[in-house]
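# Report on the structure
For reference, the chains in residue letters:
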Amino acid sequence: MSFLEVKNLKVHYPIRSGFFNKIVDYIYAVDGVSLTIEQGKTYGLVGESGSGKSTIGKAIIGLEKIKSGKIIYKGKEIDRKFRNRKNEYNKNVQMIFQDSLSSLNPKKRIIDIISEPLKNFENLTETENKKKILELLEIVGLSEDALYKYPHEFSGGQRQRIGIARAVATKPQLIIADEPVSALDLSVQAQVLNYMKDIQKQYNLSYLFISHDLGVVKHMCDYIYILNSGRFVETGTKTDIYDFSEHPYTKRLIAAIPEIHPEKRLENALKRKKIEEEYQKNKKNFYDENGKVFDLKKLTDTHFVALK
Ligand SMILES: Nc1ncnc2c1ncn2[C@@H]1O[C@H](COP(=O)(O)OP(=O)(O)OP(=O)(O)O)[C@@H](O)[C@H]1O
Ligand SMILES: [Mg+2]
């Protein structure tokens, strides 16, 4: 039995217009994705801006209304109206949000922000709570004087670490990490990623690691889901994706990984141009007549691709 299974998930946002604010159409932000998460593993969710990554994450924790599909937690289907319920699922599945500034309440102090998820599940006295928050701050490398400050008094990197402290407070088993390091300097990125790996080992955590950057994902993930227009175009292990990718959309993302060796930059740029041309020329092979990504087909036991 898998820790979490998402089956044929769809999230459609209504587009409203006119004086009566009538629904005139829908954005198919997530349009039929299935994924499986096992304990202790890291899964990459990769795609360009607007491909639906955050929507999938938020739907899993119950922050987005699901059009259809199932979320199965330890073999049991989760009720669609589970949001804000103080149940085991909400304790065990936490999220680090993409935008640390807008996801941390600006009027609350750090101690209250990090305590929030804890309060739903544990009855701690004020002293116990403070002790716990201090431990969490220490783990993410922030000092005691952070306790009574407000989010705007921190740098982007520090705020991201506050988001991580909040997400790990309830000792979850799965953390959905939405672009956890994309706002950070390279040196701080490494620090945060290493910390995430450390606590993973300690608690046998699973991650759903959301990123547009296949470079970072390579460093972190066991299995990778490539998302394009709300559907998966390719899924596979690190080797499947980085060494044997079949889908031009995946190849394009891989070619976009910045080249660190200056002598290879020109070669890389030419390769990128060729891949882009191939992608534009062959579009009919990977989108059906309605512009929708095909269903995934099995290549090997681990590798799936959505080609005609
Ligand atoms: N609340 C909303 N109402 C209407 N449309 C939305 C809403 N949230 C997201 N969308 C649309 O759904 C699609 C997917 O958005 P989503 O935020 O999931 O993308 P993303 O892959 O996380 O992008 P990014 O890399 O920029 O964070 C986009 O077209 C977006 O404009
Ligand atoms: Mg996003």
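Residues numbered from 1 in each chain as written. Chains lettered and ligands numbered in written order. Predicted model: local features only at pLDDT ≥ 70, side-chain atom pairs only at ≥ 80, totals over all residues. Heavy atoms only, no water.

### Quick look at the sheet that holds strand S11 (residues 297-298)
With mixed pairing, the eight strands of this open sheet are ordered in space as S6-S7-S8-S3-S9-S10-S12-S11. Two strands in the sheet have a free side with no partner beyond their single neighbour: strand S6 (93-96) and S11. Alignment of strand S3 (residues 42-46) against strand S9 (residues 223-228), held across four bridges, turns out to be parallel. Residue Tyr-43 lies in a different strand from S9, and its bridge partner there is Tyr-223. Contacts from helix H7 (residues 186-203) reach S3, strand S7 (174-178) and strand S8 (206-211), with the element oriented near 160° to S8. (Pairing = 2+ DSSP bridges. Helix = DSSP H or I, 4+ residues; strand = E, 2+ residues; numbered from the N terminus. Contact = heavy atoms within 4.5 Å. Axes fitted to C-alpha atoms, helices over the stretch in contact; angles between N-to-C directions.)

### Some remarks on helix H4 (residues 110-121)
Looking at H4, one finds that the buried residues are Ile-110, Ile-111, Ile-113, Ile-114, Ser-115, Pro-117 and Leu-118. Buried residues along H4 sit against S6, helix H5 (126-139) and helix H6 (156-168). (Buried < 20%, exposed > 50% of the residue type's maximum accessible area, 1.4 Å probe, protein only.)

### Overview of the pairing of S8
Looking along a regular strand, one sees side chains alternate from face to face of the sheet. Counting buried positions over the six residues of S8 gives six, a clear majority of the element. In S8, alternate side chains face the same way, and those of Ser-206, Leu-208 and Ile-210 on one face and Tyr-207, Phe-209 and Ser-211 on the other are all buried. In this structure, S3 lies alongside S8, joined through five bridges in parallel fashion. Bridged to Thr-42 within S8 is Tyr-207. Here S7 runs beside S8; their pairing, made up of five bridges, is parallel. Bridge assignment links Asp-178 to a residue of S8, and that residue is Ile-210. A crossover links S7 with its parallel partner S8, the connecting element being H7, and its sense is right-handed. (Right-handed = clockwise from strand over helix to strand, strands pointing away.)

### Let's talk about the packing of H6 against H7
Viewed as axis vectors pointing N to C, H6 and H7 meet at an angle of 10°, and their least axial separation amounts to 12 Å. By the criterion of interaxial angle, the relationship of H6 to H7 is roughly parallel. For the pair H6 and H7, the contacting residues are Arg-161, Ile-164 and Val-168 in the first and Gln-191, Val-192, Tyr-195, Met-196 and Ile-199 in the second. Partitioning the contact of H6 with H7 into residue classes produces six nonpolar, one polar and one charged. (Parallel < 35°, antiparallel > 145°, perpendicular 65-115°, else oblique. Nonpolar A, V, L, I, M, F, W, Y, C, P; charged D, E, K, R; others polar.)

### Description of the sheet that holds strand S2 (residues 22-37)
With respect to topology, four strands assemble into an open sheet ordered S2-S1-S4-S5, the strand pairing being antiparallel. Of all strands in the sheet, those with a lone pairing partner are S2 and strand S5 (76-77), marking the two edges. Here helix H1 (residues 53-60) sits on the sheet and contacts strand S1 (4-17), S2 and strand S4 (68-73); the angle it forms with S1, its principal contact strand, is near 115°.

### Details of the coordination of the magnesium ion (ligand 2)
Note on the magnesium ion (ligand 2): its protein donors are Ser-54 (OG) and Gln-98 (OE1). The metal-donor distances range over 2.0 to 2.3 Å. In this pair, Ser-54 sits in helix H1 while Gln-98 sits in the loop between S6 and helix H3 (100-103), placing the two residues 44 residues apart along the sequence. (Donors = N, O, S within 2.8 Å, 3.2 Å for Na, K, Ca; no water.)

### Some thoughts on the pattern of salt bridges
For the structure shown, the criterion picks out 14 salt bridges. The partner of Lys-273 in a salt bridge is Glu-277, and the shortest N-O contact between them spans 3.6 Å. Residue Lys-273 and its partner Glu-277 are both found in helix H11 (residues 265-281); the two are separated by four residues, about one turn of the helix. Look at Lys-273 and you get exposed, because its relative accessible area is 53%. What emerges from the salt-bridge pattern is a single network uniting Glu-48, Arg-252 and Glu-276. (Salt bridge = Lys/Arg side-chain N within 4 Å of Asp/Glu carboxyl O.)

### Concerning the pairing of S4
In the sheet, S1 pairs with S4 via five bridges, with the strands oriented antiparallel. Looking at S4, one finds that Lys-7 is bridged to Lys-70. Sheet topology note: the S4/S5 ladder contains two bridges and is antiparallel. In the sheet register, Tyr-73 faces S5, and the bridge partner there is Lys-76. Linkage of S4 to S5, two consecutive antiparallel strands, is achieved through a turn of two residues, within which Lys-74 is found at a positive phi near 45°.

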